[in-house]
Structures are given as structure tokens and as C-alpha cells.
Amino acid sequence: MSRTSRLSAAALTALLAVPLSLAVAPASSASPAHGSDHGADEAEELLVIGHRGASGYRPEHTLASYELAARMGADYIECDVVSTADAVLVCRHENEISGTTDVADRPEFADRQTTKTVDGVELTGWFTEDFTLAELQTLRAVERLPELREENTLYDGLFEVPTLDEFFELRADLTRELDREIGAYIETKHPTYFDSIGLSLEEPLLADLREAHVDRRHSPVFLQSFETTNLRELDAAGVKVPLVQLLSASGAPADLVAAGLPFTYADLSTAAGLAVIARYADGVGPSKDQVIPLLEDGTLGEPTSFVADAHAVDLLVHPYTFRNENAFLPAELDEGTDPAAYGQAIAEQLAFWEAGVDGIFTDNPDTGVLTRDLFLDADVELAPAA
């Protein structure tokens, strides 16, 4: 019998008894007893979420990527946040930025290269927390996957690292221009690590939400994290927008590891674990192979019970990450042998819509909108994949 199957619901519920190490803000009233008390009403329809913007077409986490995602029809745009030395939240997937900016080519910052341990992983590079905002915004974004997305390298050096405030300003501008609400899907990156160096992410995040007037029950915002403690803190603080617990097919939340607790993502992904998550969150963001796993030969298998288990406790399911290139597709959906070539991404996404997910994170929002429309259009008959 596996370790996960021996864990009881009572043991998982002990997660809720772990002391909250940081007070985000004093709650003005009793915190909700269940995550569904947040503003999840805004997410009743199937959602297409632009993963780091339209990162299949522009360098990720740039205003250009975010704008393109909205123009392609994304309902929500994902923005990952990390902190600068002067406690400003900026949009980067990681605090180590050598792969997404031109910092390694900037001789004036050569002495900032260093080695750090972040969430138990030793990394050598340049880190946002060692730069002021003014310094960071002298850098320019570059394509993170140049070997797969050569076309995106055309835009290397053109775009600054945006702040979360600038992201919210763009969201508001596009909402007005496109005459439809563009949502924000914000992820706090490495919150336990940032707490350890005195740069807590939650307080400036809540301040930025208030300043952008998107901190209300029906605001078009999700807040997500791979850690559990910060989401529970936000829930206890009375945050009104929906909270989403990110999950993974392997590993464990960094906050639980730091606290010496034995719970893994596999534990949290069981029916009992999802029931615990539902006490403080409104949704889950699993790795897509937790919804439909790959078989040993790399082909797509049959759906697991994950969606049904999550829906049974009123959790939304937004899996990640859908990309069009062969390198990221099940083996039977590849077209040719070039990993950078587009494969049968439409077929893959339709399988996940059929599995009952409530939204998808995709680097290619136009493809996500198309597959959702095909799925919802009962009159369209699709030819089977070759």
C-alpha cells in the first residue's frame, strides 16, 4: 500500500492546524469557513487563461505578451510576481532572471551574479531581490525557450520587466478598449523564501489589489500559489477574490517542507486532500498529467478521478500548461520529428475539455479559445486525429 493511500482525512486536516507564521492583515470579521465564500461567481464559465500572457508568441511576462493574450481572446492573463530589493512586485516567473532577461550581458551587473538556495534548490545567477526597481527596469526581456521558439527571439531586447501595478493598468485599459472584462490570475512565487529574506509578497500584493480596485468579491482576479500557508493566510485575512491551490505530479509545497511536515502534492491531490484544500481555496491548478496521465509510451491515457474529486468539494479545476509544440504534446499527437513544430494541440485540449476541466492555462490563447468554442459547439463534428 502506498504512503498516500494510508493517509487519512484526519491527518490531512492537521494541515489546517499548522500555525500561520505571518499575519498578512488583521481580518475585520471571521474568516470564511469554506473557500467557496470567496468571489468565485466570476468563474462559472469555461476559462482560457493566457499562461504568462501569450508566451507562445512573445517573451513571457512582458506587457506585449499580456496584451496579445487579451487580443487573442483570453479571459484571464497570468502574472507571476516576485519582489525587488525595494519591495516592489514585478512580473517574472522566477526570481532568478538570467534566462528571461539580458542581465548576463550587462557588465554593470556582473558582480551581482551569485549562488542561492531557493526552496531547497541551489541556483547560480541573478536575482530580482538584489536589484532595485530602477535597476531592474534597465534590463530587457528575452525569450526563455529560444531553441523551441526561435520566432520569439525577434523581440529580444525590446520589452522591460513590468511591475504588477503596470500589469493592472494594462488590464484596465484593455478591458475598456475591448469592451469585455479581462481577468488577472496572479501567482505569488516562492513566498516562504521571500518571507525568509524580509520581502513578504502578500502585503504589497494586497496593497496593489486595493489600488487597482480589484480586491472585491466580484473582481476578475484569482490568486494562486504552489504553497499552502500563504493561501491560508490570505483566506484568514478575509481576502474576497478566489484562491487557487497549485499542485504538481511530484514534490511537496515548499512551506510544508520548511515546516518539517510530511505532506506532498500527491497527498493534497487525493479526494481527502482536495477536501482540505476546499476549506481555504476555491480552485486547484493541477499539472495536466494529474487529470489525464501519459502512458509509458508517452501517449495520452484515460482521465483520472481528479476532476470528479475536486468538483465533489466545489473546487474549480484549471490545469497547466497547454502548448502547441510537439515537445509538449502526447507522443501520438506529434506532427513530424521537429520538437519545435506544432502538433495536434487541438486534439489534446479537446480531450481535457471533455474530461470536465473548468479552464486551461495555455501559452497559445488563440488555440485555447478555438478548442473551447469547438467543445461548446455541439453542431461541429471533428475528424479523428490521424
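Residues numbered from 1 in each chain as written. Predicted model: local features only at pLDDT ≥ 70, side-chain atom pairs only at ≥ 80, totals over all residues. Heavy atoms only, no water.

Visitor: Which residues make up the overall build of the chain, and what values go with them?
Guide: A tally of helices and strands in the chain yields 15 helices and 11 strands. Relative to its full complement of 386 residues, the chain shows a buried share of 53%. Partitioning the contacts of the chain with sequence separation of at least 6, the portion at a separation of at least 24 is 69%. Only carbon and sulfur atoms are counted for the fraction: they give 53% of the accessible area of the chain, which is about 15,900 Å². (Helix = DSSP H or I, 4+ residues; strand = E, 2+ residues; numbered from the N terminus. Buried < 20%, exposed > 50% of the residue type's maximum accessible area, 1.4 Å probe, protein only. Contact = heavy atoms within 4.5 Å. Areas by Shrake-Rupley, 256 points an atom, 1.4 Å probe, with all protein chains shown as cover.)

Visitor: Give a description of the packing of helix α3 (residues 63-71) against helix α5 (residues 164-178) that names residues and reports values.
Guide: If you want to describe how two helices pack, look at the angle between their axes and the distance between the axes. Axis separation between α3 and α5 bottoms out at 11 Å; the angle between their running directions is 30 degrees. One way to sum up the angle between α3 and α5 is to call them roughly parallel. In the packing of α3 onto α5, the handedness of the crossing is right-handed. Of the residues in α5, those in contact with L63, Y66, E67, A70 and R71 of α3 are E166, F167, L170, L174, E177 and L178. A breakdown of the residues in the contact of α3 with α5 according to their chemical character gives 7 nonpolar, no polar and 4 charged. (Axes fitted to C-alpha atoms, helices over the stretch in contact; angles between N-to-C directions. Parallel < 35°, antiparallel > 145°, perpendicular 65-115°, else oblique. Left-handed = near helix turned anticlockwise from the far one by under 90°. Nonpolar A, V, L, I, M, F, W, Y, C, P; charged D, E, K, R; others polar.)

Visitor: For the nonpolar core, give the residues involved together with the corresponding values.
Guide: Within the largest apolar cluster, 73 residues are counted, with the highest numbers of intra-cluster contacts made by L164, F167, I186, L223, I277, V284 and V291. Of the residues forming this core, the biggest block, 5 residues, is contributed by α5. The contact partners of F167, leaving out residues within four places of it in the chain, are L63, Y66, I77, C79, C91, A184 and I186. Counting residues in each nonpolar core, the second largest holds 9 residues, with I49, F222, Y320 and F361 among its members. (Core = buried A, V, L, I, M, F, W, Y, C linked by side-chain atoms within 4.5 Å.)

Visitor: Tell me what's going on with the pattern of salt bridges, and back it up with residues and numbers.
Guide: Inspection of every chain in the model, using the stated rule, returns 19 salt bridges. Where R106 meets E108, a salt bridge forms, and the shortest distance between an N and an O atom there is 3.5 Å. Assessed through its relative accessible area of 46%, E108 is described here as partly exposed. In this structure, the salt-bridge partner of E187 is K189, at a minimum N-O distance of 3.2 Å. Each member of the pair, E187 as well as K189, is classed as buried. Sharing partners across several salt bridges, the network here consists of R149, R323, E325 and D363. (Salt bridge = Lys/Arg side-chain N within 4 Å of Asp/Glu carboxyl O.)

Visitor: Could you give me a rundown of the packing of aromatic side chains, with the residues and numbers involved?
Guide: In total, this model carries 13 aromatic pairs according to the counting rule given. Between F109 and F131, the aromatic rings sit 5.1 Å apart at their centres with planes inclined by 70 degrees, giving edge-to-face as the arrangement. Taken as a pair, F109 in the loop between β3 (89-91) and β4 (114-118) and F131 in the loop between β5 (121-125) and α4 (133-136) lie far apart in primary sequence, 22 residues in all. Centroid distance Y185 to F361: 4.9 Å. Interplanar angle 70 degrees. Geometry classified as edge-to-face. (Phe/Tyr/Trp six-rings, centres within 6.5 Å; stacked < 30°, edge-to-face > 60°.)

Visitor: If you had to explain helix α15 (residues 365-376) to someone new, which residues and values would you point to?
Guide: If you check α15, its first and last C-alpha atoms are 16 Å apart, about what 12 residues at 1.5 Å a residue would give, namely 16 Å. Along α15, the positions that sit buried rather than exposed are P365, T367, G368, V369, T371, R372 and L374. Against β1 (47-50), α3, α14 (345-354) and β11 (359-362) lie the buried residues of α15. (Expected span 1.5 Å × (residues − 1).)

Visitor: Outline empty space enclosed by the protein, supporting the account with residue identities and numerical values.
Guide: Rolled over the atoms, a probe with the dimensions of a water molecule shows which regions are left empty. Under the definition given, this model contains 2 cavities of 30 Å³ or more. Space inside the largest cavity adds up to approximately 40 Å³. Around the largest cavity, the lining residues are H51, R52, S55, E60, E143, R144, R149, R323 and D363. A per-class count over the lining of the largest cavity returns no nonpolar, 2 polar and 7 charged. Of the voids in this model, the second largest cavity is the one considered here, and its volume is about 30 Å³. Considering the residues around the second largest cavity, the lining is formed by Y66, I77, F167, L170, R171, I182 and G183. Take the lining of the second largest cavity: its biggest share by element is 3 residues, from α5. (1 Å grid on protein atoms, 1.4 Å probe; cavity = no way out; pocket = protein on both sides within 12 Å on 5 of 7 lines; lining within 4 Å. Points joined across faces, edges and corners; volume = space filled by probe spheres on them.)

Visitor: Outline unusual backbone geometry, listing residues and values.
Guide: With an omega dihedral of -15 degrees, the bond running from Y320 to T321 counts as a cis peptide bond. Along the chain, T321 turns up in the loop between β10 (316-317) and α14. Of note, the phi angle at A87 is positive, near 65 degrees, even though the residue is not glycine. Along the polypeptide, A87 turns up in the loop between β2 (76-83) and β3. Taking relative accessible area as the criterion, A87 reaches 42% and is therefore assigned partly exposed. The phi dihedral of H190 falls on the positive side, at around 55 degrees, and the residue is not glycine. Within the element layout of this structure, H190 appears in the loop between β6 (183-188) and α6 (191-196). Here H190 falls in the buried class, since its relative accessible area comes to 15%.

Visitor: I'd like to hear about the layout of surface pockets, residue by residue, with values.
Guide: In this structure, the largest pocket spans a volume of roughly 600 Å³. At the level of elements, β5, β6 and β7 (221-225) are the ones that each hand at least two residues to the lining of the largest pocket. Tallied by class, the residues present in the lining of the largest pocket amount to 12 nonpolar, 9 polar and 10 charged.

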